[in-house]
Amino acid sequence: PEIWAAPALRQAQNAAGAQVLFSKYTLAEAEALGADQASAVLKLRRSVSLPLEKRRQVMRLLLREWHPDKHQGRPQAEQDNANSVFCYLQGLR
């Protein structure tokens, strides 16, 4: 697939893992799924130039934010959305 030019990366090994985030199809797919998925992808894109531990922390925070258990007791539509975003993020790991 076509790849956008990623921001300057600190280590060459980051490039392979970040390529999927900068594919022109990733954001379009996320936007088609919903605004919350698109927002999560943009947060991950902004974290690409950070050190590995910080990038992992961003992913963990996103997964914690959207974990289905955290949304129990809320309206069913909200629970379904949280589950959808969580599963999408899991797929990006």
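Residues numbered from 1 in each chain as written. Predicted model: local features only at pLDDT ≥ 70, side-chain atom pairs only at ≥ 80, totals over all residues. Heavy atoms only, no water.

Moving on: the packing of helix α3 (residues 35–46) against helix α5 (residues 76–92). Contact pair α3 / α5: the axes reach a minimum separation of 9 Å and the direction vectors enclose 35 degrees. When you trace α3 past α5, the crossing you get is right-handed. Facing Asp-36, Gln-37, Ala-40, Val-41 and Leu-44 of α3, the residues of α5 in contact are Asn-81, Ser-84, Val-85, Tyr-88, Leu-89 and Leu-92. The residue makeup of the contact of α3 with α5, split by class, is 7 nonpolar, 3 polar and 1 charged. (Axes fitted to C-alpha atoms, helices over the stretch in contact; angles between N-to-C directions. Helix = DSSP H or I, 4+ residues; strand = E, 2+ residues; numbered from the N terminus. Left-handed = near helix turned anticlockwise from the far one by under 90°. Contact = heavy atoms within 4.5 Å. Nonpolar A, V, L, I, M, F, W, Y, C, P; charged D, E, K, R; others polar.)

Attention now goes to the nonpolar core. In terms of nonpolar packing, the biggest core is built from 19 residues, with Leu-21, Val-41, Leu-44, Trp-66, Leu-89 and Leu-92 touching the most fellow members. Every element with two or more residues in this core is listed here: α1 (12–22), α2 (24–33), α3, α4 (52–65) and α5. Counting residues per element, this core draws most heavily on α5, at 6 residues. Once residues within four sequence positions are removed from consideration, Val-41 is found in contact with Thr-26, Leu-27, Ala-30, Tyr-88 and Leu-92. (Core = buried A, V, L, I, M, F, W, Y, C linked by side-chain atoms within 4.5 Å. Buried < 20%, exposed > 50% of the residue type's maximum accessible area, 1.4 Å probe, protein only.)

Glancing now at the environment of Ala-30. Note that Ala-30 resides in helix α2. Placed 12 residues apart in sequence, Ala-30 and Leu-42 show a C-alpha to C-alpha distance of 9.7 Å. The residues touching Ala-30, leaving out its near neighbours within four places in the chain, are Gln-37, Ala-38, Val-41 and Tyr-88.

Time to look at the environment of Lys-43. Within the fold, Lys-43 resides in helix α3. On the accessibility criterion, Lys-43 (32% relative accessible area) is partly exposed. For the pair Lys-43 and Val-58, spaced 15 residues apart in the sequence, the C-alpha separation amounts to 7.9 Å. Ignoring any residue separated from it by four or fewer positions in sequence, one finds Lys-43 in contact with Val-58, Leu-62 and Glu-65.

With that settled, consider the side chain of Thr-26. On the secondary structure map, Thr-26 appears in helix α2. With near-sequence residues (within four places) excluded, Thr-26 lies in contact with Val-20, Leu-21, Val-41 and Tyr-88.

Here we come to a positive patch on the surface. A contiguous patch of positive charge, built from Arg-60, Arg-64, Lys-70 and Arg-93, is present on the exposed surface. Take Arg-93: it is sitting in the segment after α5. For Arg-93, a relative accessible area of 64% puts it in the exposed group. (Patch = residues over 30% accessible without salt bridge, like charges linked within 9 Å, V, L, I, M, F, W, Y side chains within 5 Å. Areas by Shrake-Rupley, 256 points an atom, 1.4 Å probe, with all protein chains shown as cover. Salt bridge = Lys/Arg side-chain N within 4 Å of Asp/Glu carboxyl O. Lys, Arg positive; Asp, Glu negative; His and termini not counted. Charge placed at Lys NZ, Arg CZ, Asp CG, Glu CD.)

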